[in-house]
Amino acid sequence: MIHAVLIFNTSGIPRLTKFYTPVHLSVQTLVQKIFSLVYSRPAGLCNFLDAPELEPYLAQNEEGERWRVVYRSYATLYFVFVIDGAESELGILDLIQVFVESLDRAFENVCELDLVHHILAEIIQGGLVLETNVDEIDDSVQLAAKLRRESYASSNPLALGGGLAPRGSNLQTPLGWLTGKLTGVGAR
Amino acid sequence: MWERTLQDLIRGLRANKADESKFIAKAIEEIRQEIKSDDMVLKSGAVLKLTYLDMMGYDMSWASFHVVEVMSSPKLHLKSVGYLGAIQSFDQDTDVLMLTTNLLKKDLTSSPADIALTLNGISHILTPDLARDLSPELIKMLTHSRPAIRKRAVLALYKLVKRYPEVSTQVVSRLKDKLEDPDAGVIAATVNVLCELTLHNPKDYLALAPPLFHLMTTSSNNWMLIKIIKLFGTLSPYEPRLVKKLQPPITELISTTPAISLLYECVHTCIIGGMLEGSSGDALARTCVSKLAAFIQDSDQNLKYIALLAMVKIVPTHPHLVAQYQDTILASVNDQDISIRMRALDLISAMVDETNLQNIVQQVLSHLVTDTSSSNVPSAAESLAQHTIPPIVKPSLPSPSASPAYRFTLSQRILQMCSQNTYENVTNFEWYLSVLVDLAHVANVDVGVQIRDQMVDVVGRVKLARRYAVKLMFALLSDDAMLRNAQDEGSCSEVLWAAAFICGEYCSELTDPQKLLPLILQPGISNLSPDIIAVYIQAATKIFGFYAAEVAQRWIDDDLHEVKAVVQMVIERVGPFVSSSHIEVQERAANTLQLFNFILADLNSYRPRSTGNPFDESSSSYANSDVISEPRFPKSLFIIQPLFSSYELNPVAQHAQESVPIPEGLDLDAWIVPPPADPLSLSEPGEKKARKKIKREKGKDGVSGSGNKGKKKQREENGKEHGYNGNGLVTLIPLESETETEEQRTERERRRAERLERQRDDPYYIMDKKPSKTVSPPHDVDLDSIPVVKLEGMPAFLGPVDSRLPSLRSTPFQYSPEPFYIDRVGEMPTGAAALTNSSPSSHHSTPTPGSRPGSIISRTASPAPVRLSSGLTASISSFPQYEVADEDGQPATPTPEPVKVQSKKKKAPGTVTGKKKRPKAVAAS
C-alpha cells in the first residue's frame, strides 16, 4: 500500500503532502528529513531512498521489512512516494510517471490551486492504486473539473469564464509548467 | 467585504518571506473569522486556505467542525473543498466524524460525482463506527452502474474490512464476484484490494486462488499481473499444491515477459513463495539468481537496488548460488549510492560464512579507513603530489562514508557479522581482536561500548586468544592519541576499559607485568571517563598482585628496592583519585591505597634474613613445613594475588542464573526485614503533626504534657501511636499505660476503614492483597498484641540478617560446578575444547611462543613455566595466616584463609572481593 505521497520543490517547501496512513512522528520532521536526504542525492543514483538516518521514521512489518521511499525528480520538483512491501518498487516508479503525465495534461486545461489533490484522487484512493491509465485518469479529471466548474457557475452567474481561478497566462516549456503551476502563482 | 483567496494567501506568503510566522498568524486569525461566517463560499475558502497551511505544518484540527459544514454543502465545488479538508486533517480520533454518518449516507445516494467524492473521502476517514454504519451502503455501491464508481467502491472496501473486520466474510465473497466484473479497471482494483487483505490473513483467501490463477494466465495488464504475482507469493506458503501449479506459468513469464517490473516480481514471488525448494525448484532458483545477478550488474541503479533486495531473501535457502556472485555483490558495497550500499550491506551480512568472513569484514572496514584517512590527513604521496602538480578539484559528492549514521551502521554490521551465533564464523580470533582494535581507531562514531563488550567477551570465551589479546591491549594502552582524545565524540575510548581489564585480568601472559603499571597509572588517565578510571585502578591492583606474587616466589633480597619503588609509585599515582568525585573511582582508589600502604609498611619493616638458606627456593618447602612461620620474603607480597586469582573468571552461560538451585532453607519470598505491620497507618499528615506534638511535649515536661490534653485527643494519639510504633519509625513509650476501651477500639477501626477507603485509589499506596488481615485489629486488642516492631529492636532487626548474609554470600560457591556449565560452543574455537579439558591449568599455560601467529587452535601448548596455578596456590596455603589487623591497625581485607588446591570445591571465604563472583573452574586436580 502507498502510505504517503509528497511533492516538494528544491527549497524544501511542500507542495503536496498526503498521508494515507497516519504517522506517529511529526509529519513535518519526516517531510524535512526526506527532503534533506533526497535533495543531497545527485542525479544518476537510484530512485530509492535508503538511509540509516531515516530508519527510525519508517514503520516496519513483522519480518522487519521497512517502508520504502521511492522518489523521482522533475525539474525543480521532487515526487516522493512512501510504500510498503505490497507495492512493486518498479511499478511505483511508473506510477509517479503516470502522476506527472496526468498533471501535465490537466494543467493544460484547468487551473485550480487544489487540482493536484483532485488529480491524485483519481490515481490513488486511500493508499491503493485506483487507476494507472493516463487517458482514463485525464478523462476523470476533466469530467470532475467540468462538474465543479458548472457547480461554480451555477452559484456565481456573473463570473466570467466560469473558472474557479483565473487562468494562468503563462506558456511554458513542458517541464516549466510543473513548477509554475504546482506552486500556484509562482515559486516562493 | 474583502477576503483573501488561497491565491492571495500564497502571494502574501511570498511577499512576507522574512516574517512568515507573523504573516501566517495573522492569516489564521482572518481564517478564524471567515470560517465562522454563514456564507458558505467564504467558509469553504477559509477551509481551502487552512488545508494549504496544514501542509505547511500548521494545525487545522480546530476547524474540523467547519470542515464538516463545508462537506455538507450541496454545491459540488464547495463540497469537494470540504472533503479535501477532511482528508487532509481528520484522523481516527476526530470527534466530529460521528456527526457525519448521515451526511455520508446521503452523499452515497447522490449524483455520481458526489458518490465518487464521498467514496474517496471515506477511504481516508472511515472509523470503526462509521464502517459499521456504512457497510450496507458501501457494499451496495459494488453494483453501481458506472465502472468508475464500482472501482472506488471496491477500494473503499479495503478500509471497511480493516476498520470493521466483522464484514470480511461477506466482503470476500463480493470481491470474488468482482473478479469477473466486465470492467478491467474494476478487476484490477479488486486484485489490488485482495493483495492487501491477503497480507494480513492469507488463509482466508486461499479459495480465491482459482479465479486469480485464471486471471494470471489470461490477462496482459502488467499492473494487475504484478499484483496477482505478489498475491500468490503470499498465498503459496499456505497451500503447497499452489506451488506446483504456479511453477510452470511463472517460469514461463520469467523467460518471456519484456516488462522488467513483472519479471522482478516473478522472481521475488518464487523466492518468498517457497517455489525454489526441491529438485523442481532448483533449476528455477538458478534462473532467478542469474536474473538477479544480471540486474546487479546492470547500469540501471534501480535494478541493482531491487536485485539486492531480492537476493537477501534467497540467501537463506540457496547460499551457494548467491556465493557465485560474491565479487559483484562486494563491489556494490563500494557503490557511491548509499541506498545501494545499505542493501548490499544487508546482503553480505546475510552471506557471511567461515570462508568469506575475513574478506568481507576487511572490505567493510576499509570503507571506514580510507574515507577518514583521505579526508583528514593526506597521505605522504598525496601531499607530495599536491606540491608538484596543482591539485585537481574534484566535484565529487560527499562520500556516503562521511555520514556518521552510515559509519555507525557499518561499524555495527561488522560487529554483528562477526559475533553472530557466538562467533560462529570467526575462525581466527587474533584476527578478530585486531579488527576490533582497528574498528575502535577508525570508526569515529560511538560504538566504543559495543567494541569493548566484544573484546571482553572474546577474551573471556577464547582462552587461546588471551596472550595475543594482552599484547594488543598493551599496545592500545600505550596509545597516547587514544588517551588524549578520550573526551571526543566517537573516540571509542571505551575500548580502553576493555584494554585495562584484559591486561589486568590476564597479566600472567606478560613476562614483566610491572612494566604495565606506570603506563596504566599514567597521569593522563584522569582524562578518561570515571568508570574507565575505576577499571584502570582495579587493573593496576591485579597486575601488582600478580607481579608481587611472582617476585615473592623467586625472592632475592635485592628485589626489595624495586618492589618498594613500584609500591610507592602506585601509592603516589592512585592517591589523587581518592578525592575523585565519582564514587566508584573514589572507592577503588581508597581501597587500593590502603592495601598498598599496608604493603609498604610491611616492606619497610622487612629485614632480610641472611641466615636462611638462600637456595631453598622450591615452593614445596613451604608446603611441607608449616612450622616455618616466617617466609623469606615480605609476607604482604601475597596479599593481593589471591583476591583475584583464586577462581577463574569464565563466561557465564545464558541460563546459569536460573539454574542456580535455591539453597535449602532460603525462602525468597520471606521478608528479610519484616514489613511494617500496618503500612496503611503510615504517613497521614494529621498523624504526623500529632506525633510531633507529642514529642515536643515529652521533651518539655514529660508526663504532664499529655495530661493537659483533652480526653479525646489523648485517645486519638494513643491509638495512632501504636500504629506508628508498628512502623518501627519512632519509639514512643506510652505515657500512661492505658488499656483500650471498647469505645476507643471501634473508633479506631472506623478511622482505619475510612483511611483505607481513601487510600484505595491512591497510587502511592501499595495495598496489601489481604488488607483485612492488617487492617482489622485483633479482637483481643491490648497494647502488647499490636504488631509492633520494637525500635529498641534495632538489634533484633539485624539479627535475622546477620544469620542470613553469610549463607547468601557463600551460596555461589557451595554448589557443585554443574549448574555453571560453560557454553563450550561459545567459549572456545573449534578444536580447542579437548585441550582445555585435559589441562586444568590451561588458564595459565601458554602456547609455545614460536607457534603463535595465527595458531590459536594450535595443540602444541607447552607445559610452559608454571608461574601460578596449583603450585603457587599450594605455597600460599602453607603460610600462617596473616593477622592483618595487628600490623596495620585496621583490617584491610578479610584474612586470606589457606586455600588448598583440592579444596577448590569448597567455599573459600576471604578470597572473594565481592566485586566479582568467579564461577569455579572445573578443577581436575
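From a predicted model like this one, the values you see are computed outputs, not experimental measurements.

Definitions and limits used
Residues numbered from 1 in each chain as written. Chains lettered and ligands numbered in written order. Predicted model: local features only at pLDDT ≥ 70, side-chain atom pairs only at ≥ 80, totals over all residues. Heavy atoms only, no water. Helix = DSSP H or I, 4+ residues; strand = E, 2+ residues; numbered from the N terminus. Buried < 20%, exposed > 50% of the residue type's maximum accessible area, 1.4 Å probe, protein only. Contact = heavy atoms within 4.5 Å. Areas by Shrake-Rupley, 256 points an atom, 1.4 Å probe, with all protein chains shown as cover. Expected span 1.5 Å × (residues − 1). Axes fitted to C-alpha atoms, helices over the stretch in contact; angles between N-to-C directions. Parallel < 35°, antiparallel > 145°, perpendicular 65-115°, else oblique. Left-handed = near helix turned anticlockwise from the far one by under 90°. Nonpolar A, V, L, I, M, F, W, Y, C, P; charged D, E, K, R; others polar. Salt bridge = Lys/Arg side-chain N within 4 Å of Asp/Glu carboxyl O. Buried area = accessible area lost by both parts, 1.4 Å probe. Polar contact = N/O pair within 3.5 Å; in protein donor to acceptor, adjacent residues only side chain to side chain.

On a plain count of helices and strands, chain B comes out with 44 helices and zero strands. A buried classification covers 51% of the 925 residues belonging to chain B. Of the contacts made within chain B by residues no fewer than 6 positions apart, 72% connect residues no fewer than 24 positions apart. Within the structure as shown, chain B displays about 43,800 Å² of accessible surface, and the carbon and sulfur contribution to it stands at 55%.

Next up on the list: helix H15 (residues 260-272) of chain B. Residue and element names in this part refer to chain B. Taking 1.5 Å per residue, 13 residues should reach 18 Å; H15 reaches 18 Å between its end C-alpha atoms and fits that length. By the criterion of burial, H15 is predominantly enclosed, with 11 of the 13 residues buried. Within the span of H15, buried status applies to Ser261, Leu262, Leu263, Tyr264, Glu265, Cys266, Val267, His268, Thr269, Cys270 and Ile271. Just downstream of H15 lies glycine 274, where phi reads positive at about 70°.

All names here are of chain B. Close contact between helix H13 (residues 222-235) and helix H14 (residues 240-256) brings their axes to 11 Å; oriented N to C, the two are set at 150°. Between H13 and H14, the angle falls in the class roughly antiparallel. Helix-helix and strand crossings are classified by hand; for H13 and H14 the assignment is left-handed. Every residue of H14 that contacts H13 at Ile229, Phe232 and Leu235 is listed here: Leu242, Leu246, Ile250 and Leu253. Its residues assigned to classes, the contact of H13 with H14 shows seven nonpolar, no polar and no charged.

All names here are of chain B. One can describe the packing of helix H30 (residues 530-553) onto helix H32 (residues 583-605) by two numbers: an axis separation of 8 Å at closest approach and a directional angle of 20°. Comparing their axes, H32 and H30 come out roughly parallel. The element H30 and its partner H32 pack so that their crossing is left-handed. Residue-level inspection shows Pro530, Ile533, Ala534, Ile537, Gln538, Thr541 and Phe544 of H30 in contact with H32, the latter providing Glu584, Val585, Arg588, Ala589, Thr592, Leu595, Phe596 and Ile599. Looking at the contact of H30 with H32 residue by residue, the classes come out as 10 nonpolar, three polar and two charged.

Moving on, we come to the pattern of salt bridges. Following the criterion strictly, the structure yields 30 salt bridges over all chains and no others. Between glutamate 747 of chain B and arginine 750 of chain B there is a salt bridge, with its nearest N and O atoms 3.3 Å apart. Of the two residues, glutamate 747 of chain B and arginine 750 of chain B both sit in helix H38 (residues 742-760), three residues apart, roughly one turn of that helix. Looking at glutamate 747 of chain B, the relative accessible area reads 28%, which means it is partly exposed. One salt bridge in this structure joins arginine 751 of chain B and glutamate 747 of chain B, with 3.4 Å as the shortest N-O distance. Taken as a pair, arginine 751 of chain B and glutamate 747 of chain B lie in helix H38 at a separation of four residues, close to a single helical turn. If you follow the salt bridges from partner to partner, you end up with Asp50 of chain A together with Arg343, Asp346 and Arg413 of chain B in one network.

Listed as interface residues are 65 residues of chain A and, on the opposing side, 65 residues of chain B. Counting the surface lost from both chain A and chain B, the interface buries some 5,400 Å², and carbon and sulfur atoms represent 59% of this. Along the contact surface separating chain A from chain B lie five salt bridges. Among the ionic pairs, lysine 227 of chain B bridges to glutamate 87 of chain A, the shortest N-O distance being 3.1 Å. Where chain A touches chain B, the interface holds 27 residue pairs in polar contact (both at pLDDT 80 or more). Elements with a minimum of two residues in the side of chain A that touches chain B: strand S2 (14-19), strand S3 (48-49), helix H2 (89-109), helix H3 (115-123), strand S6 (124-125), strand S7 (128-129) and helix H4 (134-155) of chain A. Its residues placed into classes, the side of chain A that touches chain B shows 31 nonpolar, 17 polar and 17 charged.

What follows is about the environment of alanine 499 of chain B. All names here are of chain B. Position of alanine 499 among the secondary structure elements: in helix H28 (residues 494-505). The exposure class of alanine 499 is buried, given its relative accessible area of 0%. Residues alanine 499 and valine 470 lie 29 residues apart in sequence; the distance between their C-alpha atoms is 7.8 Å. Once residues lying within four places of it in the same chain are set aside, the contact partners of alanine 499 are Met473, Leu476 and Leu477.

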